[in-house]
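Residues per chain are reported as follows:
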Amino acid sequence: MTDTTAAGETEATGERAAGEPSAAPAWLGAVGLSVVIPAHEDAHRIGPALDAFRAHLDARLGSGPGDWELVVVDDASTDATAGLVEAAAADEPRIRLIRSEDHRGRGAALRAGVLASAGERVLLADAGLNTPPAELDRLEQALGEGNRGGQGDRGNHGNQEDPAPAAALGRTGNRLVRALGIPGIPGFRADTCGFALFDGDRARAAFGASVLDGPAIDAEVLRWVRRQGWHVAEVPVRRTPKPAAGPRRTAGAATAAAAATPAGARRRALKELFRLNSGGIAVAAVFIALSVYVFHGLWADLDGRYLKDALQDQNQWEWFVGVATDNIVHLRNPLFTLAQGMPDGVNLMANATMLGLTVPLIPVTLLFGETVTFALVLTLGMAASAWTWYWLIRRRLVQSRWAAAAGGALAAFAPPMVSHANGHPNFVVLFMLPLIIDRALRLCEGRNVVRDGVLLGLFATYQIFLGEEPLLIAALGMLIFSSAYLLVDRRRALAAARPLGLGLVIAAGVCAPLLIFPLYWQFFGPQSYHSVLHGDNAGNSPRALVEYAARSLFGDAETAGRLSLNTTEQNAFYGWPLLALGVAVCVWMWRRRVVRALAITGAVALALSLGPWVPVPRTDVVLPGPWRLMVKLPLFESVIEGRVAMVCAPVLGVLLALALDRIVRTRTRELRTLGLLTVAAALIPVLPLPLAVRERAPVPAFITSGAWKGYVKDGEALVPVPLPDPGQADALHWQVEADFGFRLAGGYFNGPWGPDRIGIYGATPRHLSNLLRDVRYGQQPPEITPQWREQARRDLEFWKAGAVVLPFQDRGVELRDMISELLGRQPEKVEDVWVWRVGPGQV
């Protein structure tokens with residue numbers, strides 16, 4: 001829909017339509033009363049209705065620019081309705097026209113009009129003057145009586161004891177609610193929004209939460225209002241007498257009459273609900289198809305393929321799935337394990353184990369295996385994240401379903417998300433974040449602070465068990481957005497501060513008892529650590545902001561590799577066309593406060609993602625970055641700062657949805673086509689490519705045959721050569737295939753190192769593990785001295801080793817000879833490995 005001012009200008013763009021005369025601009029500030037009138041094929045009666053309301057409102061409220069406004073929503077009329085309203089608007093700046101290009105129904109028109117209104121109170125009326133404007137006095141009296149003694153406390157909408165009504169409904173004999181058979185609004189003989197006066201903020205909240213486009217919106221809005229605990233007054237009003245002879249009955253009128261009957265209204269409501277649900281299902285199907293496309297290489301052969309750019313993360317995460325299953329099935333502590341990192345073990349709460357999914361999916365893991373669970377989490381997780389972003393955007397910001405879907409897709413399938421999909425499910429499965437944001441926004445509205453605070457606490461608790469770092473980065477993004485909104489709309493931000501603050505206290509009270517033990521275990525339990533240091537090069541290069549990721553359509557793997565830590569950490573790479581589109585949308589829609597706040601949020605997030613030191617491209621100059629202010633803060637000291645740029649994925653997604661929503665409703669075909677082509681030019685270069693896969697290294701037959709059971713006793717560790725670490729962790733997959741029947745020395749996990757318990761990746765290295773690693777990757781074996789033999793004995797005893805296992809591999813001869821000399825005996829050849837027994841009494 002487009003909003004037209006008295007000058008024939010669109011409110012969003014300020015551009016005058018071709019051929020329209022110049023006139024004074026429409027009043028865009030707050031007004032005392034907004035009258036919203038939906039219109040469709042009403043050329044024969046819209047003029048008298050506008051005249052009647054103008055006369056009454058001038059006489060009753062005054063003729064100042066802030067006293068009242070008339071918002072007429074033309075629902076794609078094919079007659080002269082819009083032209084008549086524009087003519088009236090040229091004479092009266094307080095009349096505004098919103099035009100819909102597609103006929104969507106009375107509900108959609110009411111929603112658009114109410115959301116575009118600026119009144120402290122909002123009156124819903126009709127173009128036929130079924131209820132005369134003078135009856136407004138009765139509604140004003142009902143709404144005013146409820147507010148006596150409580151004026152000035154308009155922010156206390158969540159207080160159910162507040163006697164002030166949310167709305168006063170005109171009772172004129174309409175039986176729509178009963179005709180629809182919708183329960184849940186007891187006490188009203190006739191519920192209708194045909195002639196109703198709402199508190200302005202509550203009206204915008206109620207209609208903003210609505211989704212139906214037809215006449216059933218009356219019941220939907222009133223049910224929603226009652227669920228908030230708000231009082232609604234019913235006021236008898238007079239109907240305007242109708243002439244004996246009505247207008248000629250057309251096919252359209254016959255259809256409307258049929259819909260007004262109980263059976264017809266019920267069919268219309270069911271049709272609306274089916275269209276709503278089927279549309280959401282269609283969007284979900286598109287997201288699932290896109291996600292399957294991204295991961296189809298992995299699904300093609302789950303047993304034999306491995307994500308090529310996952311490094312060792314797929315092995316690690318499948319191990320997390322398996323160890324969570326093994327712990328729960330055997331009734332062990334799900335927050336700790338001795339399966340790797342012998343003899344110290346692994347603090348699972350201090351690692352990205354995603355217990356919120358690995359535990360519920362235990363049946364899937366038991367039936368189909370860890371790799372299926374891994375692929376399922378990634379595939380459905382990305383699709384679910386896209387859907388919840390779509391849901392949030394459509395619920396709060398746009399009318400077009402497919403504009404919201406495009407925004408949700410960009411938020412979930414942006415280049416950084418696809419990069420992390422190679423092996424970081426915790427940065428891909430983000431479906432809770434839009435739900436958390438929505439609940440925080442509900443708190444800002446102050447309707448039901450206790451309920452929303454409790455739900456926010458539960459949502460945040462669950463997200464903790466999905467991924468703490470994504471939640472921390474999202475909280476940083478929300479804090480930046482809140483601060484930005486305080487700058488662009490101080491009044492609303494301050495009004496929201498009190499209910500939001502109270503809700504956050506309630507949420508913290510809910511989280512505390514649920515998280516106190518897991519978080520204590522994470523930060524103070526066995527194998528806990530204080531921080532993970534990533535150095536000064538973990539920020540994004542400024543060039544990374546405008547280049548393309550390796551798995552983007554226009555991406556170049558070599559260029560992206562030079563500008564990132566690794567393929568899974570390509571945290572920016574939005575490409576210059578998409579960033580340019582975001583800037584253009586911000587300029588185009590700058591008058592919208594939410595756009596200004598989003599622009600500030602995106603800019604600050606990109607700046608922070610550059611890290612504590614920012615190299616100037618093509619120079620030797622290095623500048624201090626804003627992240628220097630945060631690098632020493634608790635929790636943030638462990639964050640890879642380049643990941644903060646991921647905040648821009650939903651920011652760009654929202655801006656894209658807002659732009660498309662405006663573009664698709666542009667009446668001029670040429671402008672609409674140009675806008676869609678511009679969006680396509682920005683999105684095509686960053687379209688995701690399927691993730692690359694490779695053949696997975698086979699598990700030795702020594703493991704799959706169970707032969708290992710004769711060499712590693714219960715409580716002993718198997719020592720693979722080389723030991724598993726962040727550079728090579730195939731042994732974790734061996735353990736998964738052996739159903740965690742043995743323990744491992746070494747490993748790939750986050751654990752402590754040194755007396756300061758600094759976080760590192762992998763187990764604390766020892767002399768023997770370093771020696772085996774160095775020789776495997778090219779160094780010449782040292783001269784084996786008695787000191788080396790003694791050190792090897794100590795390390796094996798420390799690991800509680802039962803056997804050293806050397807699979808056939810490159811430099812296998814050098815490794816076999818060196819280990820034999822260290823241990824003083826030759827190995828046994830078992831299946832496809834060399835084995836040295838090193839248990840008690842063997843070394």
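Residues numbered from 1 in each chain as written. Predicted model: local features only at pLDDT ≥ 70, side-chain atom pairs only at ≥ 80, totals over all residues. Heavy atoms only, no water.

Trainee: Even after reading the chapter, I still don't get the overall build of the protein, so can you show me in this structure?
Mentor: Per the secondary structure count, the protein includes 29 helices and 21 strands. The proportion of buried residues among the 843 residues of the protein is 55%. A sequence separation of at least 24 residues applies to 77% of the contacts in the protein between residues at least 6 apart. (Helix = DSSP H or I, 4+ residues; strand = E, 2+ residues; numbered from the N terminus. Buried < 20%, exposed > 50% of the residue type's maximum accessible area, 1.4 Å probe, protein only. Contact = heavy atoms within 4.5 Å.)

Trainee: Help me out: how do you make sense of helix H10 (residues 313-329) in this one?
Mentor: Along its 17 residues, H10 runs 24 Å from first to last C-alpha, staying within 8% of the 24 Å computed at 1.5 Å per residue. Among the 17 residues in H10, 15 count as buried, and that is most of the element. Where H10 ends, the next residue or the one after it, leucine 331, has phi of about 55 degrees, a positive value. (Expected span 1.5 Å × (residues − 1).)

Trainee: What is the right way to look at the pairing of strand E21 (residues 833-837) in this model?
Mentor: The side chains of a regular strand alternate between both faces of the sheet. Of the pairings in the sheet, the one linking strand E19 (residues 801-807) to E21 comprises 5 bridges and is antiparallel in character. Bridge assignment links proline 807 to a residue of E21, and that residue is valine 833. Inspection of the sheet shows strand E20 (residues 828-830) paired to E21 by 3 bridges, in the antiparallel sense. Bridge assignment links valine 830 to a residue of E21, and that residue is valine 833. Remark: 2 residues form the turn of the hairpin made by E20 and E21, two consecutive strands paired antiparallel; glutamate 831 in that turn has positive phi of roughly 55 degrees. (Pairing = 2+ DSSP bridges.)

Trainee: Any chance you could explain the pattern of salt bridges here in plain terms?
Mentor: Where charged atoms from two side chains of opposite charge come close, those side chains can pair. This model, assessed by the stated rule, comprises 36 salt bridges. With a closest N to O distance of 2.4 Å, aspartate 137 and arginine 60 form a salt bridge. Taken together, the positions of aspartate 137 in helix H4 (residues 136-147) and arginine 60 in helix H1 (residues 46-61) put the pair 77 residues apart, joining distant regions of the chain. We note a salt bridge from arginine 121 to glutamate 140, for which the minimum N-O separation is 2.4 Å. Of this pair, arginine 121 sits in strand E5 (residues 119-124) while glutamate 140 sits in helix H4; the two residues are 19 residues apart in sequence, bridging distant segments of the chain. Its relative accessible area of 18% is what places arginine 121 among the buried residues. Relative accessible area serves as the criterion here: at 16%, glutamate 140 is assigned to the buried category. Bridged by salt links that share partners, the residues Arg395, Arg396, Asp438, Arg442, Glu445 and Arg447 form one connected network. (Salt bridge = Lys/Arg side-chain N within 4 Å of Asp/Glu carboxyl O.)

Trainee: Explain a nonpolar patch on the surface here, please?
Mentor: Side chains of Val450, Val454, Leu458 and Leu514 sit close together on the surface and give an oily, nonpolar patch of about 320 Å² of accessible area. Topologically, leucine 458 is positioned in helix H17 (residues 449-464). (Patch = residues over 30% accessible without salt bridge, like charges linked within 9 Å, V, L, I, M, F, W, Y side chains within 5 Å. Areas by Shrake-Rupley, 256 points an atom, 1.4 Å probe, with all protein chains shown as cover.)

Trainee: Mind showing me how you'd approach the packing of aromatic side chains here?
Mentor: Aromatic rings in a pair are described by how distant their centres are and how their planes are angled relative to each other. Applying the stated criterion across every chain, the model contains 16 aromatic pairs. Measuring from centroid to centroid gives 5.9 Å for phenylalanine 198 and phenylalanine 207, while their planes differ by 75 degrees, and the two rings are edge-to-face. When its relative accessible area of 1% is taken as the criterion, phenylalanine 207 is described as buried. With centroids separated by 5.8 Å and ring planes inclined at 55 degrees, the aromatic side chains of phenylalanine 702 and tyrosine 711 adopt a geometry described as tilted. There is no split in this pair, since phenylalanine 702 and tyrosine 711 are both buried. If you follow arginine 662 out to its NZ or CZ, it ends over the ring of tryptophan 588, 5.8 Å from the centre. (Phe/Tyr/Trp six-rings, centres within 6.5 Å; stacked < 30°, edge-to-face > 60°. Lys NZ or Arg CZ within 6 Å of the ring centre and 35° of its normal.)

Trainee: Could you clarify how one ought to interpret the pairing of strand E15 (residues 717-720) in this entry?
Mentor: Taking every second residue as pointing to the same face, both faces of E15 are buried, with Ala717 and Val719 on one and Leu718 and Pro720 on the other. As paired elements, E15 and strand E16 (residues 743-744) share 2 bridges and run parallel to each other. The residue bridging leucine 718 from the neighbouring strand is leucine 744, located in E16. Between the parallel elements E15 and E16, the chain passes through helix H26 (residues 730-737) in a crossover that is right-handed. In terms of strand pairing, E15 meets E19 through 4 bridges, oriented parallel. When the bridges of E19 are listed, valine 719 appears paired with valine 804. (Right-handed = clockwise from strand over helix to strand, strands pointing away.)

Trainee: Can you walk me through helix H21 (residues 576-588) in this structure?
Mentor: Quick reminder: α-helices carry 3.6 residues per turn. Residues three or four places apart thus point the same way. Look at H21: 18 Å from first C-alpha to last across 13 residues, which is about the 18 Å you get at 1.5 Å a residue. All buried positions along H21 are accounted for by Pro577, Leu578, Leu579, Leu581, Gly582, Val585 and Cys586. Of the surrounding secondary structure, the elements contacted by the buried residues of H21 are helix H14 (401-413), helix H22 (593-609), helix H23 (648-663) and helix H24 (669-683).

Trainee: Help me understand the environment of cysteine 444, please; the structure alone is not making it clear to me.
Mentor: Note that cysteine 444 resides in helix H16 (residues 432-445). Expressed as a C-alpha distance, the spacing of cysteine 444 and arginine 498, which sit 54 residues apart in the sequence, is 8.0 Å. Those residues in contact with cysteine 444 that sit more than four places away from it in its chain are Ala496, Pro499 and Leu500.

Trainee: Would you mind going over the nonpolar core with me for this structure?
Mentor: Proteins that are soluble and globular tend to have nonpolar side chains buried together. Residues Trp319, Phe702, Ile703, Leu718 and Phe742 are the most contacted members of the largest nonpolar core, which totals 148 residues. Setting aside residues up to four positions removed in sequence, leucine 718 forms contacts with Phe702, Ile703, Val712, Trp734, Phe742, Arg743, Leu744, Ala745, Ala803 and Val805. Membership of the second largest hydrophobic core comes to 32 residues, among which are Ala82, Leu129, Val235 and Val237. (Core = buried A, V, L, I, M, F, W, Y, C linked by side-chain atoms within 4.5 Å.)

Trainee: Explain the confidence of the model for the protein to me, please; I cannot follow it from the model alone.
Mentor: Atom-level detail of predicted coordinates should not be read off regions where pLDDT is low. Residues with a pLDDT of 70 or more make up 86% of the protein, whose mean pLDDT is 86. The low-confidence segment residues 146-163, where pLDDT is below 50, has 29 contacts with residues more than four positions distant or belonging to other chains. (pLDDT = per-residue confidence, 0-100.)

Trainee: Explanation requested: unusual backbone geometry in the structure shown.
Mentor: For residues that are not glycine, phi is negative in most cases, and the peptide bond is trans in most cases. For the bond from methionine 342 to proline 343, the omega torsion is 5 degrees, close enough to zero to count as cis. For the bond from valine 721 to proline 722, the omega torsion is -5 degrees, close enough to zero to count as cis. Assignment of secondary structure puts proline 722 in the loop between E15 and H26. Within the chain, methionine 354 stands out as a residue other than glycine whose phi angle is a positive 50 degrees. Within the secondary structure layout, methionine 354 lies in the loop between strand E11 (346-347) and helix H11 (355-358). Exposure remark for methionine 354: the relative accessible area of 2% places this residue in the buried category. Even without glycine at this site, leucine 635 takes up a positive phi of about 75 degrees. Along the chain, the position of leucine 635 falls in the loop between strand E13 (622-624) and H23. Assessed through its relative accessible area of 48%, leucine 635 is described here as partly exposed.

Trainee: What is the right way to read the environment of aspartate 832 from this model?
Mentor: Positionally, aspartate 832 belongs in the loop between E20 and E21. Taking relative accessible area as the criterion, aspartate 832 reaches 26% and is therefore assigned partly exposed. For the pair aspartate 832 and proline 700, spaced 132 residues apart in sequence, the C-alpha separation works out to 6.3 Å. Not counting chain neighbours up to four residues away, the residues in contact with aspartate 832 comprise Pro700, Ala701, Phe702, Pro807 and Phe808. Engagement of the side chain of aspartate 832 in a polar contact is seen with the backbone nitrogen of alanine 701, the distance being 2.9 Å. Reaching out from aspartate 832, the side chain makes a polar contact with the backbone nitrogen of phenylalanine 702 at a distance of 3.2 Å. (Polar contact = N/O pair within 3.5 Å; in protein donor to acceptor, adjacent residues only side chain to side chain.)

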